[in-house]
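One letter stands for each residue in the lines below.
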Amino acid sequence: MSKPTPREIERVRHLREEIRRHNHLYYVLDNPEISDAEYDRLFDELKAFEEKYPELVTPDSPTQRVGAEPLEKFRTLRHTVPMLSLNKCTTEAEFRDFHRRVKDLLKVPETDIHYTVEPKFDGLAVEVRYEKGAYSLGATRGDGTVGEDVTHNLKTVKSIPLKLMGNPVPDTIEVRGEIIMSKEDFAALNRDRVERGEPLFANPRNAAAGSVRQLDPRITASRPLGMFAYGIGRMDSPQPATQWETLEALKKLGFRVSPHIRLCRSAEEVHAFYHEILEIRDSLPYEIDGIVIKVDAFDFQRSLGELSRSPRWAVAWKFPPQQEHTVVKDILVSVGRTGALTPVALLEPVRVGGVEVSRATLHNEDEVHKKDVRVGDTVVIQRAGDVIPEVVKVIHSKRRGDPPPFTMPETCPVCGSKVERLPGEAIHRCTGIACPAQVKEHLAHFVSKGAMDMEGLGYKFLEQMVDRGIIRDPADLYFLTREDLMKMDRMGDKLAENLLAAVENSRNPTLTSLIYALGIRNVGRHLAGVLAHHFHSIENLARQSKEDLEQVHEIGPTIALSVTNFFNNPKNITFIEKLKRGGVAFPVEEAESRDASLAGKTFVLTGVLQGYTREEARRLIEKLGGRVTGSVSRKTDYVVAGRDPGSKLDQAQRLGITILDEAAFRDMTGG
Ligand code: IVH
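Residues numbered from 1 in each chain as written. Predicted model: local features only at pLDDT ≥ 70, side-chain atom pairs only at ≥ 80, totals over all residues. Heavy atoms only, no water.

A. Region of interest: the side chain of N569. Tracing the chain through its elements places N569 in the loop between α20 (557-568) and α21 (570-581). Assessed through its relative accessible area of 5%, N569 is described here as buried. Within the structure, the side chain of N569 is placed 2.9 Å from the side chain of T431, a separation counted as a polar contact. There is a polar contact of 2.9 Å between the side chain of N569 and the backbone nitrogen of K571. Ignoring sequence-local partners within four residues, the contact set of N569 consists of S417, T431 and G432. (Helix = DSSP H or I, 4+ residues; strand = E, 2+ residues; numbered from the N terminus. Buried < 20%, exposed > 50% of the residue type's maximum accessible area, 1.4 Å probe, protein only. Polar contact = N/O pair within 3.5 Å; in protein donor to acceptor, adjacent residues only side chain to side chain. Contact = heavy atoms within 4.5 Å.)

Quick look at the structure:
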């Protein structure tokens, strides 16, 4: 095998530098200097060198990057400096042992040993790299040696700066920190997931980790994540001399650093700080599970070194777990806003971490069976996220007698409708569209754009109408009178008139909008269109068997089952009848008129069209069997570009997607 010449090595270095600069210009500044073809030439030249001399490949080479759109799988990344783990202690005596070892190994006066003490964040450890001040890479810790490339995902975390503050900034710096989700955001996310029947996250740490480890960065972007920086991996300019200065430097670079840190000058100060933090633990908006104690001076850290992947210069002093034992008095089932049935253990009240707990969630039927929780059992409960306590496990040795196993009710405890559990889902749901537990959510969906499209009826407003007993289900909207509306807060003549007009204007929906508005589980706007085009009327759709439905392209067994379940529920039929009585026209679409020339094609719209509003263009595409999505990916077939197109056009060009101007779009859709 040949060896690279110094000139070649220099050329490789230069190529990398150039490509990085252009990546930065393109991705961070959105201001490219060269064409894609020129970029590709540089890239190919570098790749050729690296193939010829594999020893020249570095993990930070631009050739090791991955694309920006949803990935098939994560690329692995070798950390430049391994990410170590921490030895743990749980008692003061164990911490004293640690301190004694440090003292004995360093052989310096005890007063010279200072510790920087920080919270131990309970999240996901990551590393973010900056090249010349620009965010260039993000990775999970993984096993400490090799992690996953989550560059594009971490880029969406708002507390991670995309460009470092200050001048000059280090040439290369790798910042380490913990991705966390606040307790409140975690609770909200899980509430949302229960309602959607998605599997729950056990705690904020899992939620944060699950959000980062998403192949689609857009999902990560939709999750409320933050990062606390706590260290530096590699850094190419003079490093701070201590951990304390490191945290100061990280703040100056624009990172979020915990305010609950302290420079402790003795073991006693560490001990006192441990209790201070334990005291405020519950009041912090995010979870911590201890403190991390780090020898402050890096000189000392170096001479202490590491042992089997853990430094001798640091220790995690863990807090006691937030778990307690208690007895299950009963198991109830509560119904959420979208009809999800959640088993809840009613407990003998017990204090956990300073809070009295009398209920704990059991999440869903499978969880109850997996943990085999029965009435009368002694269980371990824990406060996950300090918000929803949960049952961790049963102490089987304490079970008395043979209580019957839990079973999910077959009918909704609130409205009596049939309960369904669709294949592949963990959640049981009430199928009643008029179920009082779900009515607000149904209403919000029913009036939304794409459904019945009643402008001005916001969630707060609908909520008030339900709470005051003015409406009980979405069909009641069509029976509203001026007098009803005048019972609401801050209602005036003009507003009442507008709202009544919005209701009036919604009485002639398209069949697609009407099907979508019914809120059949798993039937979004696109599938509503597919069903409308196939079955032409609600009456005909309601008659179809599961097998008939499955014959339709894009309709699988799960969707077919939700459709048949929906129409087999007499309460839903009553609801449909009530809509008719309320004056909603049930449209019939002509079978013959169906032109499916765009079936299976995906469109993205950008810029302003002269002859169509966005909504009109979307309807037209949908009518012809196509679908419209919000962002460009490899799955996009056409990008329709009007005047002043946005970055979607650039993206389309880069991915080689067919671009239609307005005239071409008109031709394609038959004018
Ligand atoms: S320092 C050798 N500081 O704890 C230094 N780690 O077991 C190791 N962690 O995976 C990291 N808060 O996710 C450090 N303030 C903090 C931390 C912290 C949480 C986590 C980190 C790491 C694990 C080490």
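Right, picking up where we left off after that structure.
B. Expanded view of the sheet that holds strand β10 (residues 288-295). Judged by pairing direction, the sheet is mixed, and its five strands sit side by side in the order β2-β13-β10-β3-β9 without closing on themselves. If you trace the sheet from one side to the other, it starts and ends with β2 (88-89) and β9 (262-264), each paired once. Of the strand pairs in this sheet, β10 and strand β13 (residues 314-318) are connected by five bridges, and their pairing is antiparallel. Of the residues in β13, the one forming a bridge with I291 is W317. The strands touched by helix α3 (residues 92-106) within the sheet are β2, β3 (115-121), β10 and β13, with β13 carrying the most contacts at an inclination of about 175 degrees. Lying on the sheet, helix α8 (residues 243-252) is in contact with β3, β9 and β10; it crosses β3 at an angle near 55 degrees. (Pairing = 2+ DSSP bridges. Axes fitted to C-alpha atoms, helices over the stretch in contact; angles between N-to-C directions.)

C. Geometry of the site of the ligand. Taken together, 15 residues form the shell around the ligand, and within it L86, E118, F121, E178 and K294 come nearest. Separating an oxygen atom of the ligand from a side-chain N or O atom of E178 is a distance of 2.5 Å. Contact with the protein chains removes 89% of the 510 Å² of surface that the ligand exposes when unbound. For the shell around the ligand, the secondary structure elements donating two or more residues are β3 and β10. Considering each element in turn, the shell around the ligand owes the most residues, four residues, to β3. (Near = heavy atom within 4 Å. Areas by Shrake-Rupley, 256 points an atom, 1.4 Å probe, with all protein chains shown as cover.)

D. Quick look at the pairing of strand β4 (residues 124-131). Buried residues dominate β4, accounting for eight of its eight residues. Of the two faces of β4, both are covered, the one formed by L124, V126, V128 and Y130 as well as the one formed by A125, E127, R129 and E131. Alignment of β4 against strand β7 (residues 172-180), held across eight bridges, turns out to be antiparallel. Across the sheet, the residue bridging to L124 is I179, located in β7. Both β4 and strand β5 (residues 134-140) contribute to a ladder of six bridges, which runs antiparallel. By the bridge assignment, V128 is partnered in β5 with G138. Linking two consecutive strands that pair antiparallel, namely β4 and β5, is a turn of two residues; a positive phi of about 50 degrees is found at K132 within it.

No statement about biological role is implied by the geometric values presented.
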